[in-house]
Amino acid sequence: MQFNFGSGSAWGVDSGANPTPGKLGILQDVGLDFAASLKPLFGSYQFPVAVGRGTTKISWKAKFAQFSGRVFNSLFLGGTKANGSTLVAEDEAGTITAGAVTVANGATFTGDLGVRYSATGLPFVRVASAPAAGQYSGPSGAGVYTFNVSENATVVKIDYTYTAAATGETITITNPLLGVAQTFKGVFTQQYGGQRQTVVLNANAAEKLGQASKLEDFNIPEMDVQSFADASNTVGIWSLGEKS
């Protein structure tokens, strides 16, 4: 008699010329469903005299805690991946001097996310130019925020985005034509009491890739997938450690 316990392990292998397997790291759970449509045949009695099975769908869902740009891109997004990342500076303190503040990452500044008074948390209003008290303009060039000189020596908090060429990676999400989907092989395994279960699904396409942040909890990405037959009209295998 075979049992299975725990979340097991799962991999996705992309369909490129030299496919690179990607492990769904720190796997939380996998749900695998085989669902068939049934068509009953009725005669004069209340219960059917025969049942025929029509189309069958294989779908699975995986939740995994490890964020991997390569896995996200090769199994779902199909975008362009490059080194470097976009980061957010949040609540960066600056003191208005000569009517301006230059942010720390001004050399790679990419976008403004707002300014607030440090003492009160009240927001400044952004204007095109010549800011009055409580307003700012810019930022210009290398992340220079302009304020009214009457607010010199005021401490502010600034939020903005900037790039880091040597850190992380970025996926540019493109807009492909309808019908285009990333396809990949899915492999799942569990082991308990020296016996292993392994399921290999040869062709898969993800219909959902999501994540949700929570207070005092980890962010767990979730992927919903549909499986189908490969070019040889084979769906996959289901291997069990016990002979029955």
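Residues numbered from 1 in each chain as written. Predicted model: local features only at pLDDT ≥ 70, side-chain atom pairs only at ≥ 80, totals over all residues. Heavy atoms only, no water.

We now examine the overall build of the protein. Looking only at helices and strands, the protein features one helix and 15 strands. At 27 Å, the protein has a C-alpha radius of gyration far larger than the 18 Å of a compact globule built from 244 residues. Taken along its principal axes, the extent of the C-alpha atoms in the protein is 90 × 50 × 40 Å. Looking at the protein alone, contacts between residues at least 24 apart form 65% of all its contacts between residues at least 6 apart. (Helix = DSSP H or I, 4+ residues; strand = E, 2+ residues; numbered from the N terminus. Rg over C-alpha atoms; globule rule 2.2 N^0.38 Å. Contact = heavy atoms within 4.5 Å.)

Sheet strands associate in pairs through backbone hydrogen bonding, adopting either a parallel or an antiparallel arrangement. Pairing in this open sheet of three strands is antiparallel, and the strands run 5-11-7 from one edge to the other. Only two strands of the sheet have a single neighbouring strand rather than two, namely strand 5 (80-95) and strand 7 (109-117). Strand-to-strand twist of the sheet, defined as the mean angle between neighbouring strand axes without regard to direction, takes the value 20 degrees. Relative to strand 11 (residues 155-172), strand 5 is paired through 13 bridges, and the arrangement is antiparallel. Bridge pairing in strand 11 links Thr95 to Val155. The strands touched by helix 1 (residues 69-77) are strand 5 and strand 11; relative to strand 11, the strand with the most contacts, the crossing angle is about 70 degrees. (Pairing = 2+ DSSP bridges. Axes fitted to C-alpha atoms, helices over the stretch in contact; angles between N-to-C directions.)

The next subject is the layout of surface pockets. Approximately 290 Å³ is the volume attributed to the largest pocket. Around the largest pocket sit 15 residues that line it, and Phe76, Leu77, Pro176, Val180 and Ala181 are the ones nearest its centre. Those elements that place two or more of their residues in the lining of the largest pocket are helix 1 and strand 13 (195-210). Across the lining of the largest pocket, the residue classes break down as 11 nonpolar, four polar and no charged. If you add up the space inside the second largest pocket, you get close to 200 Å³. For the second largest pocket, the lining is made up of 15 residues, of which Ser7, Val30, Phe188, Gln190 and Gln197 are closest to its centre. Elements with a minimum of two residues in the lining of the second largest pocket: strand 3 (27-41), strand 12 (183-192) and strand 13. Split by residue class, the lining of the second largest pocket holds six nonpolar, eight polar and one charged. (1 Å grid on protein atoms, 1.4 Å probe; cavity = no way out; pocket = protein on both sides within 12 Å on 5 of 7 lines; lining within 4 Å. Points joined across faces, edges and corners; volume = space filled by probe spheres on them. Nonpolar A, V, L, I, M, F, W, Y, C, P; charged D, E, K, R; others polar.)

There is a patch of nonpolar side chains on the surface, built from Met1, Phe3, Phe5 and Tyr192 and spanning about 530 Å² of accessible area. Locating Phe5 in the fold gives a position in the segment before strand 1 (9-14). (Patch = residues over 30% accessible without salt bridge, like charges linked within 9 Å, V, L, I, M, F, W, Y side chains within 5 Å. Areas by Shrake-Rupley, 256 points an atom, 1.4 Å probe, with all protein chains shown as cover. Salt bridge = Lys/Arg side-chain N within 4 Å of Asp/Glu carboxyl O.)

All right, on to the packing of aromatic side chains then. Within this structure, the stated rule accounts for 13 aromatic pairs. Ring geometry for Tyr160 against Tyr162: centres 5.9 Å apart, planes inclined by 45 degrees, an arrangement best described as tilted. By relative accessible area, which is 0% here, Tyr160 ends up buried. According to the relative accessible area criterion, Tyr162 is buried, its value standing at 15%. (Phe/Tyr/Trp six-rings, centres within 6.5 Å; stacked < 30°, edge-to-face > 60°. Buried < 20%, exposed > 50% of the residue type's maximum accessible area, 1.4 Å probe, protein only.)

On to the environment of Asp14. Positionally, Asp14 belongs in strand 1. Taking relative accessible area as the criterion, Asp14 reaches 17% and is therefore assigned buried. Residues Asp14 and Thr97, spaced 83 residues apart in sequence, show a C-alpha to C-alpha distance of 54 Å. Excluding residues that lie within four positions of it along the chain, Asp14 makes contacts with Pro19, Thr20, Ser74, Thr183 and Phe184. Within the structure, Asp14 has its side chain in polar contact with the backbone nitrogen of Gly16 (distance 3.0 Å). (Polar contact = N/O pair within 3.5 Å; in protein donor to acceptor, adjacent residues only side chain to side chain.)

This part takes up the environment of Phe147. Here Phe147 lies in strand 10 (residues 144-147). According to the relative accessible area criterion, Phe147 is buried, its value standing at 4%. Sequence separation between Phe147 and Val101 is 46 residues; the distance between their C-alpha atoms is 8.0 Å. Residues contacting Phe147, with those up to four places away along its chain left out, are Ile96, Gly99, Ala100, Val101, Val115, Phe124, Pro131, Gln135, Tyr136 and Val156.

Glancing now at the sheet that holds strand 8 (residues 125-126). Read across the open sheet, the four strands follow the order 6-10-9-8; overall the sheet is mixed. Lying at the two open borders of the sheet, with one neighbouring strand each, are strand 6 (100-102) and strand 8. Here strand 9 (residues 135-140) runs beside strand 10; their pairing, made up of three bridges, is antiparallel. Residue Ser140 lies in a different strand from strand 10, and its bridge partner there is Val144.

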